[in-house]
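These are the residues of each chain, in order.
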Amino acid sequence: MKKISIIIPTFNEEENVIPIHAAVKALFLNELKKYEYEILFIDNKSTDLTRERLRQICREDDKTRVIFNAKNFGQFNSPYYGLTQTSGDCAVMLCADFQDPIELIPTLVQEWEKGHKTVCCVKTSSNENRIVRFLRTVYYKIIKRLSSVDQIEHFTGFGLYDKSFIDVLRELDDTMPFLRGIVAELSPDLKIIEYKQARRRAGKTKNNLYTLYDAAMISFTSYTKIGLRLATIFGAIMSFLGLIIAFVYLILKLMFWNNFPGGSIPVLIGVVAFGSVQLFFTGVVGEYILSINTRLMKRPLVIEEERINFNEE
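Sequence positions are assigned chain by chain, starting from 1 and proceeding in written order. Whole-chain, interface and lining totals are the exception, using all residues; otherwise, since this is a predicted model, local features are given only for residues with pLDDT of at least 70 and side-chain atom pairs are given and counted only at 80 or more. Computation of side-chain values: all heavy atoms of the structure, hydrogens and water removed.

**So, the side chain of Asp-162**
Then, number 1: Of note, Asp-162 is situated in strand E6 (residues 155–162).
Then, number 2: Buried charge without a salt bridge: Asp-162, with Lys-117 as the nearest opposite-charge side chain at an N-O distance of 4.0 Å.
Then, number 3: A polar contact of 2.6 Å, which involves the side chain of Asp-162, links it to the side chain of Ser-164.
Then, number 4: The contact rule is simple, with two residues in contact once any of their heavy atoms fall within 4.5 Å. If we ignore the near neighbours within four places in the chain, the residues touching Asp-162 are Asp-89, Cys-90, Trp-112 and Lys-117. By the criteria applied, helices consist of DSSP H or I runs no shorter than four residues and strands consist of E runs no shorter than two, each listed in order from the N terminus. Relative accessibility under 20% of the residue-type maximum defines a buried residue, over 50% an exposed one, and the middle range a partly exposed one, all with a 1.4 Å probe and only protein chains included. Positive charges are assigned to Lys and Arg, negative charges to Asp and Glu, while His and the chain termini are left out of the count. One side-chain nitrogen of Lys or Arg within 4 Å of one carboxyl oxygen of Asp or Glu is enough to make a salt bridge. Any pair of nitrogen or oxygen atoms within 3.5 Å is treated as a polar contact; in protein, a donor-acceptor pairing is required on top of that, and neighbouring residues in sequence qualify only through side-chain atoms on both sides.

What follows is the structure in structure tokens.
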């Protein structure tokens, strides 16, 4: 009998973990009863009652496993690591807040049974704030156009992954993994399923301006060269213009020594313009250096504090 793993990352989801567990378990007791299953929660150092409720679930259900992280390791490392700790023939990743429709899981399994190694769920619409939706759409369009890899628009990680692809993830040894880009780049057989994203069942989103910026920069520095190329091109253009302007100014000053207008305002404008360009591209290059530095340090994706319901093997 084939085994399906359900991986659910959590962080301060005290109102959702018990209902999401019940809903997933009911799915396997009814529509997917011919499959074995495990439900794996990986908790990113919740500070509310999430951990207490996960312990309660594990006491009542030995098919539910939990990994407690020693601290919060970010929105990408923890789910990725949890995915690599699954033991099923395939794994389905979904959010604990019910924004990913659980009723879609049987469809994912059907596509997997047809031979697709990865089944990605893509949001065609969402009940989220329209401004946020618009900004996400612009971001995906830009990244897709700039990337050398055909990125998947509005893909958040919700989907099914075959064991063979999870083995690839285990071997990558990437200390700053961006699953969405990795799936687009390395998945050997990709199937797209569309869905409408619902509102959170309860609780508040953990995303903010900084986390969204962080996600954008990870994808930008991992899958595009355009930032460095623009820094090189604009740097060369601005340097050339600066030399031309300086040379012309020198010639005119020598030819009309007493009558040529001078002053600090043109110089100030030039300094501000050139300085702004330099600072902007210094920041862009800095993002690439930060990405390289994080990967070179080879730190673990997460450090576990505790495991529950894992056997010795």
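Alright, that's what it looks like, and here's the rest.
**Observations concerning the side chain of Arg-65**
Then, number 1: Considering the arrangement of structural elements, one finds Arg-65 in strand E3 (residues 64–69).
Then, number 2: Apart from residues lying up to four places away in sequence, Arg-65 is in contact with Glu-38, Ile-39, Leu-40, Phe-41, Cys-58, Ser-87, Ile-308, Asn-309, Phe-310 and Asn-311.

**Notes on a nonpolar patch on the surface**
Then, number 1: A contiguous nonpolar surface patch, about 1,000 Å² in accessible area, is contributed by Ile-233, Phe-234, Ile-237, Phe-240, Leu-241, Ile-244, Ile-245, Phe-247, Val-248, Ile-251 and Met-255.
Then, number 2: Tracing the sequence through the fold places Ile-233 in helix H9 (residues 226–255).
Then, number 3: Residue Ile-233 is classed as partly exposed on the basis of its relative accessible area of 46%. Patches were defined on residues exceeding 30% relative accessible area and lacking a salt bridge, with like-charge contacts within 9 Å and nonpolar side-chain contacts (Val, Leu, Ile, Met, Phe, Trp, Tyr) within 5 Å. Reported accessibility uses the Shrake-Rupley method at a 1.4 Å probe radius. Residues are deemed covered only where the shown protein chains occlude them.

**As for the packing of aromatic side chains**
Then, number 1: Stacked, tilted and edge-to-face pairs are distinguished by plane angle, under 30 degrees for stacked and over 60 for edge-to-face with tilted covering the rest, among Phe, Tyr and Trp rings (Trp via its six-membered ring) whose centres lie within 6.5 Å. As enumerated under the stated definition, the model contains four aromatic pairs in all.
Then, number 2: Measuring from ring centre to ring centre gives 5.5 Å for Phe-76 and Phe-178, while their planes differ by 70°; the resulting arrangement is edge-to-face. In this pair, Phe-76 sits in helix H3 (residues 74–84) while Phe-178 sits in the loop between helix H6 (163–171) and helix H7 (179–186), placing the two residues 102 residues apart along the sequence.
Then, number 3: Seen in terms of ring centroids, Phe-158 and Tyr-195 are 5.4 Å apart; in terms of plane orientation they differ by 85°. Their pairing is edge-to-face. With a gap of 37 residues between them, Phe-158 in strand E6 and Tyr-195 in strand E7 (residues 190–197) connect regions that are remote in the sequence.
Then, number 4: The exposure class assigned to Phe-158 is buried, which follows from its relative accessible area of 1%.
Then, number 5: Its relative accessible area of 4% is what places Tyr-195 among the buried residues.
Then, number 6: Geometry around Phe-310 places Arg-307 over its ring, the cationic atom sitting 4.4 Å from the centre. Consider the ring centre and the ring normal. A charge sits over the ring if Lys NZ or Arg CZ is within 6 Å of that centre and within 35 degrees of that normal.

**Observations regarding the nonpolar core**
Then, number 1: Of all hydrophobic cores here, the largest spans 35 residues; its most connected members are Ile-6 and Ile-8.
Then, number 2: Element by element, the count of residues in this core is highest for helix H1 (residues 17–29), at five residues.
Then, number 3: Take the buried Ala, Val, Leu, Ile, Met, Phe, Trp, Tyr and Cys residues and link them wherever side-chain atoms come within 4.5 Å; each set so joined is a nonpolar core. Counting residues in each nonpolar core, the second largest holds 26 residues, with Ile-67, Leu-83, Leu-169 and Ala-184 among its members.

**Re unusual backbone geometry**
Then, number 1: Phi is positive for Lys-45, close to 60°, though the residue is something other than glycine.
Then, number 2: In this fold, Lys-45 is placed in the loop between strand E2 (36–43) and helix H2 (50–60).
Then, number 3: Backbone geometry at Asn-309 places phi at a positive 70°, although glycine is not the residue there.
Then, number 4: As for its position among the elements, Asn-309 is in the segment after strand E8 (304–308).

**A closer look at the pattern of salt bridges**
Then, number 1: All told, the structure shown has 10 salt bridges when counted by the stated rule.
Then, number 2: A salt bridge links Arg-51 to Asp-43, with the shortest nitrogen-to-oxygen separation between them at 2.7 Å. The exposure classification of Arg-51 matches that of Asp-43, with both residues buried.
Then, number 3: With its nearest N and O atoms 2.8 Å apart, the salt bridge here joins Glu-306 to Arg-55. Residue Glu-306 is located in strand E8, and its partner Arg-55 is located in helix H2; the two are separated by 251 residues in the primary sequence.
Then, number 4: What makes Arg-55 partly exposed here is its relative accessible area of 30%.
Then, number 5: Connected via shared salt-bridge partners are Asp-43, Lys-45, Arg-51 and Glu-305.

**A look at the packing of H6 against H7**
Then, number 1: Across the interface, H6 lies against H7 with an axial gap of 12 Å and an inter-helix angle of 120°. You can see that H6 and H7 cross each other, and the crossing is right-handed. Here Phe-165, Val-168 and Leu-169 of H6 come into contact with H7, specifically with Leu-179, Ile-182, Val-183 and Leu-186.
Then, number 2: Among the residues making up the contact of H6 with H7, the classes are represented as seven nonpolar, no polar and no charged. What counts as an axis is a line fitted to C-alpha atoms, over the stretch in contact for a helix, and the angles between N-to-C directions run from 0 to 180 degrees. Less than a right angle of anticlockwise turn of the near helix away from the far helix marks a crossing as left-handed, whereas a clockwise turn marks it as right-handed. In this classification, Asp, Glu, Lys and Arg are treated as charged, Ala, Val, Leu, Ile, Met, Phe, Trp, Tyr, Cys and Pro as nonpolar, and every other residue, Gly included, as polar.

**Brief notes about H7**
Then, number 1: Of all eight residues in H7, six are buried; the element is thus mostly enclosed.
Then, number 2: When H7 is considered as a whole, its buried residues turn out to be Leu-179, Arg-180, Gly-181, Ile-182, Val-183 and Ala-184.

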